[in-house]
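Chain residues, written in single-letter form:
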Amino acid sequence: MRPIRIALTKGRLEKNAVGLFERMGLDCTQLIDKGRRLILPVGPYEAVLAKAADVITYVEHGVCDLGVVGKDTIAEHDTGEFYEVMDLGFGRCRFALAGRKGEDFYSGYAMKTIATKYPNVARAFFEKKGMDIRIIKIEGSVELAPLLGLADAIVDIVETGSTLKENGLEVYETVCPISARVIVNMASLKLRKSEIESLLDRMEQAGASMEA
């Protein structure tokens, strides 16, 4: 039987995950000095390095048993064929509704236009408010949309807010908090329950020691 396989989001979450694994006492030597390799041993487990959205795909299809991915990616994902089992506490930021400084976004009766890279997140947020909105999908710097008059506001990830401030924008409202989460394949949790639960316990303990 192959080792338990963990899909990791490349970049900042990957680095945080390495720190977590080291606190768990796992040998991360090859993961740190990975070169161009994408599948690497981490103690008795295997780490698979992937883009955030692909982490979910690999876990859903069972080629990876667990994944470490941001709540932003989970929230935007259309389906939920996996279990979200743990908040790791790192990679904290938030989804926010933002727009031109000093404007009252909720005034008036005209339908609002929202620019975003995350249409599912934006749509769900405004559905809860009972508001009809028009969504424009933007792939690049979403801050441009209200500045150019393309949209009334944006829904985007905000960390420090400095980019918004430098462009004359401000946060109107927090949509939801974001942090790194652990997801688990449904079948894997049934078939390899004791192994996965043991790993999750170790991750939880290591995460608690980081916060202490």
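J.: What is the right way to read helix α1 (residues 12-23) from this model?
T.: Note on helix geometry: an α-helix contains 3.6 residues per turn, so any two residues three or four positions apart are oriented the same way. A rise of 1.5 Å per residue sets the reference length of α1, with its 12 residues, at 16 Å; its end C-alpha atoms lie 17 Å apart and thus fit the reference within 8%. Regarding α1, the residues found buried are L13, E14, A17, V18, G19, L20 and F21. G25 sits one or two residues past α1 and shows a positive phi near 85°.

J.: Quick question: what am I supposed to make of the side chain of R192 here?
T.: Inspection of the secondary structure puts R192 in the loop between α8 (186-191) and α9 (193-211). Among the residues examined, R192 registers a relative accessible area of 10% and is labelled buried. Once residues lying within four places of it in the same chain are set aside, the contact partners of R192 are M1, R2, P3, I4 and D65.

J.: Looking at this structure, how should I read the sheet that holds strand β7 (residues 112-116)?
T.: Hydrogen bonds along the backbone pair up the strands of a sheet, which may run parallel or antiparallel. Sheet architecture is open: five strands sit in the order β8-β7-β9-β6-β10, paired in mixed fashion. In this open sheet, the two edge strands, each paired with only one partner strand, are β8 (133-137) and β10 (169-178). Here the strands of the sheet are splayed against their neighbours by 30° on average, with no regard to which way each runs. Where strand β6 (residues 93-100) and β10 come together, eight bridges link them in antiparallel fashion. Within β10, the position partnered with F95 by the bridge is C176. Against the sheet, helix α5 (residues 119-128) makes contact with β6, β7, β8, β9 (153-158) and β10, and its axis sits at roughly 170° relative to β8, the strand it touches most.

Basis of the calculations
Residues numbered from 1 in each chain as written. Predicted model: local features only at pLDDT ≥ 70, side-chain atom pairs only at ≥ 80, totals over all residues. Heavy atoms only, no water. Helix = DSSP H or I, 4+ residues; strand = E, 2+ residues; numbered from the N terminus. Expected span 1.5 Å × (residues − 1). Buried < 20%, exposed > 50% of the residue type's maximum accessible area, 1.4 Å probe, protein only. Contact = heavy atoms within 4.5 Å. Pairing = 2+ DSSP bridges. Axes fitted to C-alpha atoms, helices over the stretch in contact; angles between N-to-C directions.

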